[in-house]
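# Working through the structure, step by step
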Amino acid sequence: MDRPWGAALWLCLVGGLAQARTFVYVANYNTSTIGVYAERGHGHLVASQSVPTPGGPESIAADARGYVITADSLAHAVSAYRVDPASGRLTRVAVRFERPNANPFSVATSPGGRFVYVANSGDSTVGIYRLHRGPQVLVPAGHVHEAAGASPYSITFAPNGRTAYVANFGNATIGMYRRRPGHAALAPLGIFHEPPGDGPYGLAVGPDGRFLYVADFRTNVILVLAIGPQGRLSLKDRVTEPFDHHPDSLTIDPSGRYLFVANTSANDISIFRIDQADGRLTHVGHVPTEGYPFSLTLDSAARFVFAVNYGNSTISRYRLDRHSGLLAAIGTTPEATDADPYGITALTVPGPAARRSHKTAGSHAQSGRDQKRAAP
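### Points about the overall build of the chain
Within the chain, the regular secondary structure consists of two helices and 28 strands. Across the 376 residues in the chain, those meeting the buried criterion constitute 56%. Look at the contacts in the chain between residues 6 or more apart in sequence, and 48% of them connect residues 24 or more apart. When the accessible surface of the chain is totalled, it reaches about 15,100 Å², and 52% of it is carbon and sulfur.

Written out as structure tokens, the structure reads:
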């Protein structure tokens, strides 16, 4: 039985094992490549590989089972790459083509890493795949149809994996879905209409699963939406960013205390403190980036934030103060000239000692017939 790396990772981080490795992956739209980097301490990135993709990757996700997935817009495809846990280098193991003119815009995996979901902005569908180890890594598992012209731009899950949310840029709505544990299919819960809205882009759910945060690109607004017991959304708060900031990508630190927002047109990252009682946001600062930051990611230990800058093909690097949420710039890493990076993701893998420890613990856990691992 395949086991995700998530539990082993946390054993590694909590135990403070020095063997853990963090790798950063960048989707370069113009050169149709993935830039592979190893974090070598203090947030310093060392390039190790440039991997060709089918064409125009707009989004990239690192999966808990040791895969990197891209949404390849120009090729209308989704691709999977196996990660070498020692070096972080990638080997392409699957390419699946979506419908003609699908224009895959973003990709996400379910918590636990068994399923892949692709937001197709061109034909307003969400493609679904099962993620397997073996000869067929990406197995098609159907589609979800958004409204005509909805143009879904992103998808995210609650931490328990039982609800999913799709940002429909074209008609200013959020699609709400329920997912049964261990199943790929998404069952509609309804549509949330932004009040008013004009372009929902990035989505992020806090680690407690109580609130969904939405970056509205056109109206320069961050929405705070409460997630009800059945997964349905209701408006909690509406935070206005300065005019023409155009927020796009969101990420939340693992403690759930801070939200980071990439503001494409302002060339900076906004930092918000999250009220742990009601999910409301308080602005605590911002830091400049290079040109047009399109995507953000954190390493799993919440030490560093990385942002890709589409305008000048660079990666901005920051050290995170976990007590204040503030970011300190620690340098810029250049990508290839005119790479036009759109997406970025980080993956931390445990060292050999942690993997052996996790395998032994798993063997003991499997020995009792009545003990079963919950399906993600």
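Text resumes after the structure shown.
### Some words on the pattern of salt bridges
Applying the stated criterion to the full structure yields six salt bridges. Across the pair Arg280 and Asp237 runs a salt bridge whose closest N-O atoms are separated by 3.5 Å. Here Asp237 lies in strand E19 (residues 233–240) and Arg280 lies in the loop between strand E22 (268–274) and strand E23 (281–288), a separation of 43 residues in the sequence. Its relative accessible area of 34% is what places Arg280 among the partly exposed residues. On the basis of relative accessible area, Asp237 is assigned to the buried category, the value being 17%. Through salt bridges with shared partners, one network takes in Glu39, Asp299 and Arg303.

### As for the environment of Phe217
Of note, Phe217 is situated in the loop between strand E17 (211–216) and strand E18 (221–227). For the pair formed by Phe217 and Asp198, sequence separation is 19 residues and the distance between their alpha carbons is 7.7 Å. Contact partners of Phe217, with chain neighbours within four places excluded, come to Phe169, Gly199, Tyr201, His246, Pro247, Asp248 and Thr264.

### What to know about the packing of aromatic side chains
Within this structure, the stated rule accounts for 13 aromatic pairs. Between Tyr153 and Tyr201 the ring centres are 5.3 Å apart and the planes differ by 85°, which places this aromatic pair in the edge-to-face class. Here Tyr153, found in strand E12 (residues 152–157), pairs with Tyr201, found in strand E16 (residues 200–205); they are 48 residues apart in sequence, far enough to count as distant. Among the aromatic residues, those joined into a ring-pair cluster are Phe105, Tyr153, Phe169, Tyr201 and Phe217.

### Topic: the pairing of E12
Each regular strand shows side chains that alternate between the opposite faces of the sheet. Within E12, six of the six residues are buried, which leaves the element mostly enclosed by the surrounding structure. What sits between the antiparallel neighbours E12 and strand E13 (residues 163–168) is a turn of five residues, in which Gly161 has the positive phi angle 75°.

### Thoughts on the pairing of strand E8 (residues 104–109)
Within E8, six of the six residues are buried, leaving the element largely enclosed by the surrounding structure. As paired elements, E8 and strand E9 (residues 115–120) share five bridges and run antiparallel to each other. The residue bridging Thr109 from the neighbouring strand is Val116, located in E9. In textbook terms, the turn of a hairpin is the stretch between consecutive antiparallel strands, and for E8 and E9 this stretch comprises five residues, one of which, Gly112, has a positive phi near 100°.

### So, the sheet that holds strand E10 (residues 125–131)
A sheet is described by the order of its strands in space; here four strands give the open sequence E8-E9-E10-E11, paired in antiparallel fashion. Each of the sheet's edge strands pairs with one partner strand only, and the pair in question is E8 and strand E11 (138–145). Each strand axis lies, on average, 20° off the axis of its neighbour in the sheet, ignoring direction. Here E10 runs beside E11; their pairing, made up of six bridges, is antiparallel. Directly across from Tyr129, in E11, lies its bridge partner Pro140.

### What to know about the environment of Val118
Mapped onto the elements of the fold, Val118 is located in strand E9. On the accessibility criterion, Val118 (0% relative accessible area) is buried. Residue contacts for Val118: discarding those within four places in its chain leaves Ala71, Val78, Pro104, Ser106, Val107, Thr125, Val126, Gly127 and Tyr129.

### Observations regarding the side chain of Ser270
By the secondary structure assignment, Ser270 is in strand E22. There is a polar contact of 3.0 Å between the side chain of Ser270 and the side chain of Glu241. Setting aside chain neighbours within four positions, we find Ser270 in contact with Glu241, Leu259, Phe260, Val261, Asn263, His283, Gly285 and His286.

### Section: unusual backbone geometry
One non-glycine residue with positive phi stands out, namely His76, at about 55°. With respect to the helices and strands, the residue His76 is situated in the loop between strand E5 (67–72) and strand E6 (77–83). Even without glycine at this site, Ala302 takes up a positive phi of about 60°. When you line up the elements, Ala302 lands in the loop between strand E24 (293–298) and strand E25 (304–309).

Criteria and cut-off values
Residue indices follow the written sequence of each chain, beginning from 1 at its first position. Note on the predicted model: pLDDT of at least 70 is required for a residue's local features to be given, and 80 or more for side-chain atom pairs to be given and counted; whole-chain, interface and lining totals, by contrast, use all residues. With hydrogens and water set aside, each side-chain value is computed from the structure's full complement of heavy atoms. Starting at the N terminus, helices and strands are each numbered in turn, a helix being any DSSP run of H or I of at least four residues and a strand any DSSP run of E of at least two. For every residue, the accessible area (1.4 Å probe, protein chains only) is compared with the maximum for its type, and the residue is labelled buried under 20%, exposed over 50%, or partly exposed between those bounds. Residues count as neighbours in contact if any of their non-hydrogen atoms are within 4.5 Å of one another. Surface exposure here means Shrake-Rupley accessible area, sampled with a 1.4 Å probe, where a residue is shielded only by the protein chains that are shown. A side-chain nitrogen of Lys or Arg and a carboxyl oxygen of Asp or Glu constitute a salt bridge if their distance falls within 4 Å. Here is the rule: rings of Phe, Tyr and Trp (six-membered ring for Trp) pair when centre to centre is within 6.5 Å. Planes less than 30 degrees apart are stacked, more than 60 are edge-to-face, and the remainder are tilted. Strands were regarded as paired on the criterion that DSSP finds at least two bridges between them. Think of each axis as a best-fit line through the C-alpha atoms, taken over the contacting stretch in the case of a helix, with angles from 0 to 180 degrees between the N-to-C directions. In the analysis that follows, any N or O atom pair within 3.5 Å is treated as a polar contact, provided that within protein one partner can donate a hydrogen and the other can accept it, and provided that, for residues neighboring in sequence, both atoms belong to side chains.

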